[in-house]
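What follows is each chain in one-letter form.
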Amino acid sequence: MISFIISLLIWSWGDTPTSAQIDPCEIYGKVYIEPNPRFAHFRVYEDESEAFADIIIFVEENSLFADEVGHWSFVEDRDFADVYIYFEKDRNMADFSVYYTEYASFAGCNR
């Protein structure tokens, strides 16, 4: 009986990492720019066109206002960040692309 329970736990354990993946369209809050891609949650490409970007980003100066999708506040201390990102130079290596806007009402998911 115990071996049956252990085998069920091991079998269901393999599905956890893929189901825990965060949707990029749900990212908001405090963001840290990670210099090492191995420690980042996401690899991001900065797009030059709003039309081709996956997410339109508005940079908030105060992290308390970064409470909606697409509103990011960059922090310099890794311990205070909600999400770690690494900026990719190659679009094909990135998880998603972003475009920065000057207007808060334009921020959000562009998919």
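Computed from a prediction, not measured in an experiment: that's the story for all the values here. (Residues numbered from 1 in each chain as written. Predicted model: local features only at pLDDT ≥ 70, side-chain atom pairs only at ≥ 80, totals over all residues. Heavy atoms only, no water.)

Engineer: Describe in detail the packing of aromatic side chains, supporting the description with residues and values.
Structural biologist: If you walk through the whole model with that rule in mind, you get five aromatic pairs. Ring centres 5.4 Å apart and planes at 70° place the aromatic pair F42 and F96 in the edge-to-face group. Of this pair, F42 sits in strand β2 (residues 42–46) while F96 is found in strand β6 (residues 96–100), placing the two residues 54 residues apart along the sequence. On the basis of an interplanar angle of 55° and a centroid distance of 6.5 Å, the ring pair of F74 and Y100 is categorised as tilted. (Phe/Tyr/Trp six-rings, centres within 6.5 Å; stacked < 30°, edge-to-face > 60°. Helix = DSSP H or I, 4+ residues; strand = E, 2+ residues; numbered from the N terminus.)

Engineer: Can you lay out the pairing of strand β4 (residues 71–75) for me, pointing to particular residues and giving the numbers?
Structural biologist: Within β4, four of the five residues are buried, which leaves the element mostly enclosed by the surrounding structure. Here strand β1 (residues 29–33) pairs with β4 via four bridges, running parallel. The residue of β4 that forms the bridge with Y32 is V75. Across two bridges, strand β3 (residues 55–59) lies against β4 in parallel orientation. Within β4, the residue paired with F58 across the bridge is H71. (Buried < 20%, exposed > 50% of the residue type's maximum accessible area, 1.4 Å probe, protein only. Pairing = 2+ DSSP bridges.)

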